[in-house]
There are 2 protein chains.
Amino acid sequence: MEKQNALNALAALGQETRLDVFRLLVKAGQEGLPAGAISDALDVRPNTLSTHLGALSRSGLVHAERDGRSIHYRADLETMQALVTYLLQDCCGGNPDLCAPIASLAAASCGQGGSADC
Amino acid sequence: MEKQNALNALAALGQETRLDVFRLLVKAGQEGLPAGAISDALDVRPNTLSTHLGALSRSGLVHAERDGRSIHYRADLETMQALVTYLLQDCCGGNPDLCAPIASLAAASCGQGGSADC
DNA sequence: TCCATATTTCGAGTATTCTCGAATTATGGA
DNA sequence: TCCATAATTCGAGAATACTCGAAATATGGA
């Protein structure tokens, strides 16, 4: 991931409504949610939400797909993954010895679902 | 990590100068760097830098410590760790099956130093 | 075709952020 | 004490971001 992409993604997530939207979409899974459902769930006006969805979309964190009259948004976890990797590279590049605890914590946060293969 | 802390950290990193500062401090390691050295390295005026260092400091991503006439700033990797964990929790909570590739990529980014125990 | 629904785009108002020069505070040394 | 250095705080200007109501676009169904 390029620095500018990381910057866009971080700036996108550094705003409450957009972080809420992104987390909601992550929970919603692969199918995502139509804009209207997001608007209802978070109590944000449709036009304001549309602006935020545009920012998330430009940053690559979400993707839009029209489905009939509505437009489904879904979180792009690969971009999320790339962002985390970018942040960890920053960390581990200069301090490999400090990376282990971060990686193990990341793995631990995975285990919350109880899945052994995580 | 609380949502508001994550929000502050993300917003802090979502600005070019501050991301540059943070990365520079990560590379600088435990001792950190005095404000003047950061100012010189990144070609940012001292007062402007001070504002950004204040934002990073309030977000918990860096810490300041006076050393004689200068003030040393160092990156707080624990906050970084907590942020990554927070982001991964968002991810893994609803989709445990999607966490494994993210965790393994994180581990892979660790391995760049060649350290086997990472 | 005509209408209702879903979403976006437009334009404007307010708020926040970024940057800067000038002034201020804090420290160490002569 | 007096001065030089290091960094911060203050105040203001310009740019950017956020939110909203109103209008426009796109789709599906009667």
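Shown above is the structure to which this text applies.
In what follows, the accompanying structure is described. These numbers come from a predicted model, not from an experiment.

Regarding the protein's contact with DNA strand D
Within the structure, DNA strand D sits among 20 residues, and A:Gln15, A:Asn47, A:His52, B:Gly36 and B:Tyr73 are positioned closest to it. If you look at DNA strand D and keep only atoms within 4 Å of the protein, 69% of those are sugar or phosphate atoms. The backbone of B:Ala35 places a nitrogen or oxygen atom 3.1 Å from a phosphate oxygen of DNA strand D. Contact between DNA strand D and B:Gly36: a phosphate oxygen at 2.7 Å from a main-chain N or O atom of the residue. Of all the secondary-structure elements, those providing two or more residues to the surface near DNA strand D are helix H4 (46-58) of chain A together with helix H3 (35-42), helix H4 (46-59) and strand E3 (70-75) of chain B. Broken down by element, the residue count for the surface near DNA strand D peaks at 4 residues, all from H4(A).

Quick look at the pairing of strand E2 (residues 62-67) of chain A
All names here are of chain A. Sheet topology places E2 next to strand E3 (residues 70-75); 6 bridges connect them, and they run antiparallel. Among the inter-strand pairings, Val62 is bridged to a residue of E3, identified as Ala75. The antiparallel hairpin formed by E2 and E3 contains 2 residues in its connecting segment, where Gly68 sits at a positive phi of about 70 degrees.

Topic: unusual backbone geometry
Only a minority of non-glycine residues have a phi that is not negative, and only a minority of peptide bonds are not trans. Residue A:Asp43 is not a glycine yet carries a positive backbone phi of 55 degrees. Along the polypeptide, A:Asp43 turns up in the loop between helix H3 (35-42) and H4.

Remarks on the protein's contact with DNA strand C
Around DNA strand C sit 20 residues, and of these A:Gly36, A:Asn47, A:Tyr73, B:Asn47 and B:His52 come closest. Protein-proximal atoms of DNA strand C, defined as those within 4 Å of the protein, fall in sugar or phosphate at a share of 65%. Between A:Ile71 and DNA strand C, the recorded distance is 3.4 Å, taken from a backbone N or O atom to a phosphate oxygen. The contact in question runs from a phosphate oxygen of DNA strand C to an N or O atom on the side chain of A:Tyr73, over 2.2 Å. It is H4(B) that contributes the most residues to the surface near DNA strand C, 4 residues altogether.

A closer look at the sheet that holds strand E1 (residues 33-34) of chain A
All names here are of chain A. Sheet architecture is open: 3 strands sit in the order E1-E3-E2, paired in antiparallel fashion. The sheet is open, and its two edges are formed by E1 and E2, each paired on a single side. The sheet strands contacting helix H2 (residues 16-28) are E1, E2 and E3, and the helix crosses E3 at an angle near 90 degrees.

Regarding the sheet that holds strand E2 (residues 62-67) of chain B
All names here are of chain B. Strands sit in the order E1-E3-E2 across an open sheet of 3 strands; the sheet is antiparallel. The sheet is open, and its two borders are formed by strand E1 (33-34) and E2, each paired with just one other strand. Bridge count for E1 against E3 is 2 bridges, and the pairing is antiparallel. Paired with Leu33 across the two strands is Tyr73, which belongs to E3. Packed onto the sheet, helix H2 (residues 16-28) meets E1, E2 and E3 and runs at close to 90 degrees relative to E3.

Brief notes about the nonpolar core
Core analysis: the biggest nonpolar cluster contains 54 residues, and A:Leu13, A:Phe22, A:Leu61, B:Leu13, B:Phe22 and B:Leu61 have the highest contact counts within it. Each of domain 1 (3-76) and domain 2 (78-113) of chain A accounts for three or more of the residues forming this core. Look past the residues within four positions of A:Leu61 in its chain and what remains in contact with it is A:Ala9, A:Ala12, A:Leu13, A:Phe22, A:Leu56, A:Arg74, A:Ala75, A:Asp76, A:Thr79 and A:Met80.

Definitions and cut-offs
- Residues numbered from 1 in each chain as written.
- Chains lettered and ligands numbered in written order.
- Predicted model: local features only at pLDDT ≥ 70, side-chain atom pairs only at ≥ 80, totals over all residues.
- Heavy atoms only, no water.
- Near = heavy atom within 4 Å.
- Polar contact = N/O pair within 3.5 Å; in protein donor to acceptor, adjacent residues only side chain to side chain.
- Helix = DSSP H or I, 4+ residues; strand = E, 2+ residues; numbered from the N terminus.
- Pairing = 2+ DSSP bridges.
- Contact = heavy atoms within 4.5 Å.
- Axes fitted to C-alpha atoms, helices over the stretch in contact; angles between N-to-C directions.
- Core = buried A, V, L, I, M, F, W, Y, C linked by side-chain atoms within 4.5 Å.
- Buried < 20%, exposed > 50% of the residue type's maximum accessible area, 1.4 Å probe, protein only.
- Domains from an automatic or database assignment.

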